[in-house]
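# Report on the structure
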Amino acid sequence: MLNTLNGLLIAAVLAGTPLLLGALGEILTEKSGNLNLGVEGMMFMGAITGLAGSYYYEQGVISSGGTPNGVVSALIALAVSFIAGAFGALIYSFLTITLRANQNVTGLTLTIFGTGFGNFFGEYIGQNAGGYVAVSTVTKNAFSRLNIPVLSDIPVLGPLLFQYNWLVYFAIVLAVIMAWFFNRSRVGLNLRAVGEDPATADAAGINITAYKYAATVIGGGICGIGGMYMSMVTTSGVWVHDCVSGYGWLAVALVIFATWRPAKGILVAIVFGGLTVMRMYVNIPGLPAQIYDMLPYVATIVVLVVTSMRESREHAQPKSCGLNYFREER
Amino acid sequence: MSTKNGQQKEPWIRMVKRDAISQKKAWAIRAAAFILSLVTGGIVILLLGHNPFSVYTSMVVGAFGSSTVIHETVKIAVPLLITAIGISFAFKMKFWNIGGEGQILVGAVAAGAFGLFTAHIFPKLPLVILMMLASIVAGGLYGLLPAVCKAKWGTNETLFTLMLNYIALAFIKYLMNGPWKAEGSSFPKIAMLVPGARLTKVLGVHWGWILALVLVVVSYIYFNKTKQGYEIAVVGESNNTARYAGINVGRVFKRTMFISGALCGLVGMLQFAGADYTITEGTAGGVGFTAITVAWLAKMNPFGMLVVSVFIAMLERGSNTIQTNFKIPASASDLLIGIILFFMLGCEFFISYRLIRRGKEEQNA
């Protein structure tokens, strides 16, 4: 029993990390008043480019006679996936902030574009690689669980806390930094002002355009890293068609459940990560596997409805979210 | 000093809202954006080492080159068009229904419940009518659910409708593996609809295309000439204005979303009884999402959607051809659709605003 619970918790953290990264990116984006529904698309872009980055790095090193380095490969995947997600967000930002296009539709388009981008290049690189793309063991090891001396060997607590891959710790540290950033730093407070009431923030001398661009682009980059987690950890370095498959949308929902607070995001991400993998750990007699698979989505709907029933003013969506800011229409 | 500062502060480029723009000029801008998007797509093709012109030509030929492929293209366009019309009902009132995919699937399942299990009881005509009604009701109710919650508590409909897609998909997988699994099949799949119950073909394609054309006209009249259509437009502009005008916003949400879901459900039935003759995870096949772009590109005008859906169907059909001819993955069509839509979204700005470069003052200000 305890073993199962432990196993479930560990699996929940592993499955929740891409959700957390996607949600963190979207929280940062929404704090600036931009509702970017393109998380799924940006995750796809990060997923394929991160994988491709590592793959081509390995191929390049091997063809020049060297041996690829796992850490370098992982860092390349991190950087490339961030850039790809940020690039998707930049398209979104340019269209919504500068060209004032509708945020909802632009976000949906980004999802369609990103999904096509990911699957297209996934198949294309796969074709050229002779069937499918996969990174070598070196990179795979760089994304497998860490073995920290002493700490990882503690019974029970070791596997539970100190044996994840580095991206898990990266995501948690990022969430803590963001929590501090929104509540304690001047820039973070300015950003929140932009999201709540851009006209007032503008009058106070805050550069609305710069803040919106920066938050959305960096947020998109974080979503891209979340996508890279899907292709590097979840599918262990092999490109699987449609691999992000709804995780981006779950991440958008998590933003609401986390009530726009990064630290709370850690908790809800683990809960929802748990819901996605629970089938493998907790057997409910008589429940078919496919019906069990509905769990995270049904739970999302239930929580959505419940949170909408008791609207809290304290921890709500930034007020200007979804609306473009036109200075001349103040 | 101060004047110099003042000069520096004047931006290099500034924008002014246009008072009015001639239709001709607006369409010229849109055409330019469209061509630019094809050029961008062409650059991607070029970077992959192919000749953009021959790839584009091959796409068009692959979609319209012979009567067989024309039938295939129409077969893709029909579900796209009806779903787009369905989705535009919701989008017109700024209700973001991205659950078209799920509504199509439940419509297919409802039609399947009759088509697969009562085909030996009913003659063809009543059976087809039953399948239609079942799919309309199922899709409509599936669309109604998020509308009820939105009307009552303001629940986020984007995520709600989206989650319903995954639930419908899981349900189909359940049917494939369990209760509806075809007899004698080792593979999880649902049985085929008996040939006697399949939709009649008119000019080579099932009659769904006639229905689609009728729906174009009917929905155009509904949007522009009826009170309910007007209410949708007012709610879309502003919920508060609608309330002030005495419109029951919640009721409009519910009624319109039922119609929206019902049309998508109908697509499920057409796909099941007219195109695939069975139900799989791919029955909706992304139509629910692509239809959003169709509706938006056509600016929610049903006649525009007719044109755009044929165009998108051409891209999708053509992308299969370029996969065989050039080994370019078929997902290229999604990529291209995304690029085109980005440009079309962006070009609207240049229709509402114009740019003035620094130093070039307006002559007739």
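In short, a report on the structure. As the structure is a computational prediction, the values presented were derived from the model and not from experiment. (Residues numbered from 1 in each chain as written. Chains lettered and ligands numbered in written order. Predicted model: local features only at pLDDT ≥ 70, side-chain atom pairs only at ≥ 80, totals over all residues.)

### A word on the overall build of chain B
Within chain B, the secondary structure is distributed over 14 helices and four strands. For chain B, the spread of C-alpha atoms along the three principal axes comes to 90 × 60 × 35 Å. Within the span of chain B, comprising 365 residues, buried residues form 48% of the whole. Considering only contacts within chain B whose residues lie at least 6 apart along the sequence, 78% involve residues at least 24 apart. (Helix = DSSP H or I, 4+ residues; strand = E, 2+ residues; numbered from the N terminus. Buried ≥ 20, exposed ≤ 12 C-beta atoms within 10 Å, placed from the backbone. Contact = placed C-beta atoms within 7 Å.)

### Quick notes on the overall build of chain A
Scanning chain A from N- to C-terminus turns up 14 helices and zero strands. Order of helices (α) and strands (β) in chain A, N terminus to C terminus: α-α-α-α-α-α-α-α-α-α-α-α-α-α. For a compact globule of 330 residues, the expected C-alpha radius of gyration is about 20 Å, and chain A comes in at 20 Å, within 12% of that figure. Projected onto its principal axes, the C-alpha coordinates of chain A cover approximately 60 × 50 × 40 Å. Within the span of chain A, comprising 330 residues, buried residues form 50% of the whole. Considering only intrachain contacts with a sequence separation of at least 6, the fraction spanning at least 24 residues in chain A is 80%. (Rg over C-alpha atoms; globule rule 2.2 N^0.38 Å.)

### Focus on helix α4 (residues 67-92) of chain B
All names here are of chain B. Counted at 1.5 Å a residue, the expected span for α4 with its 26 residues is 38 Å, and the 36 Å between its end C-alpha atoms agrees. Across the 26 residues of α4, 19 count as buried, placing the element largely inside the fold. K94 sits one or two positions beyond α4 and adopts a positive phi of about 55 degrees. (Expected span 1.5 Å × (residues − 1).)

### Comments concerning unusual backbone geometry
Phi is positive for W260 of chain A, which is not a glycine, with a value near 60 degrees. Exposure remark for W260 of chain A: the 22 C-beta atoms within 10 Å place this residue in the buried category. Phi is positive for L203 of chain B, close to 55 degrees, though the residue is something other than glycine.

### Some words on the interface of chain A and chain B
Across the contact, 39 residues belong to chain A and 38 residues belong to chain B. Where the side of chain A that touches chain B is concerned, the elements lending two or more residues are α3 (70-98), α4 (103-128), α11 (247-257), α13 (289-292) and α14 (295-309) of chain A. Considering every element that reaches the side of chain A that touches chain B, the biggest residue donor is α4 of chain A, with 15 residues. Of the residues contributing to the side of chain A that touches chain B, the split by class is 25 nonpolar, eleven polar and three charged. (Nonpolar A, V, L, I, M, F, W, Y, C, P; charged D, E, K, R; others polar.)

### A closer look at the nonpolar core
Membership of the largest hydrophobic core comes to 211 residues, with the highest contact counts inside it found for L254 of chain A together with A295 of chain B. It is helix α11 (residues 249-276) of chain B that contributes the most residues to this core, 14 residues altogether. Those residues in contact with L254 of chain A that sit more than four places away from it in its chain are L19, A23, G265, V268, A269 and F272 of chain A. (Core = buried A, V, L, I, M, F, W, Y, C linked by C-beta atoms within 7 Å.)

### A few points about the pairing of strand β1 (residues 13-17) of chain B
All names here are of chain B. In terms of burial, β1 is a largely surface element, zero of the five residues being buried. Summarising the sheet, β1 and strand β4 (residues 353-357) pair through five bridges and their orientation is antiparallel. Paired with K17 across the bridge in β4 is Y353. (Pairing = 2+ DSSP bridges.)

### Here we look at the packing of helix α2 (residues 39-63) of chain A against helix α10 (residues 208-234) of chain A
All names here are of chain A. Running from amino to carboxyl end, α2 crosses α10 at an angle of 55 degrees, the nearest separation of the two axes being 6 Å. With respect to each other, α2 and α10 are oriented oblique. Of the two possible hands of crossing, α2 and α10 adopt the one that is right-handed. Judged by residue contacts, V39, M42, M43, F44, M45, G46, A47, I48, G50 and L51 of α2 engage G220, C223, G224, I225, G226, G227, M228, M230, S231 and M232 from α10. (Axes fitted to C-alpha atoms, helices over the stretch in contact; angles between N-to-C directions. Parallel < 35°, antiparallel > 145°, perpendicular 65-115°, else oblique. Left-handed = near helix turned anticlockwise from the far one by under 90°.)

### Description of the packing of helix α6 (residues 124-153) of chain B against α11 of chain B
Relative placement of two packed helices is described by the angle separating their axes and the distance separating the axes. All names here are of chain B. At a minimum axis distance of 6 Å, the contact between α6 and α11 shows a crossing angle of 145 degrees. Crossing of α6 against α11: the hand is right-handed. Among the residues forming the contact of α6 with α11, the class breakdown is 19 nonpolar, nine polar and two charged.

### Points about the environment of V156 of chain A
Residue and element names in this part refer to chain A. Positionally, V156 belongs in the loop between α5 (137-142) and α6 (157-161). On the basis of neighbour counts, which here come to 10 C-beta atoms within 10 Å, the residue V156 falls in the exposed class. With 154 residues separating them along the chain, V156 and L2 place their C-alpha atoms 9.9 Å apart.

### Observations concerning helix α13 (residues 302-326) of chain B
Compared with an ideal rise of 1.5 Å per residue, which puts 25 residues at 36 Å, α13 of chain B spans 35 Å between its outermost C-alpha atoms and is within 8% of the ideal. Where α13 of chain B ends, the next residue or the one after it, K327 of chain B, has phi of about 60 degrees, a positive value.

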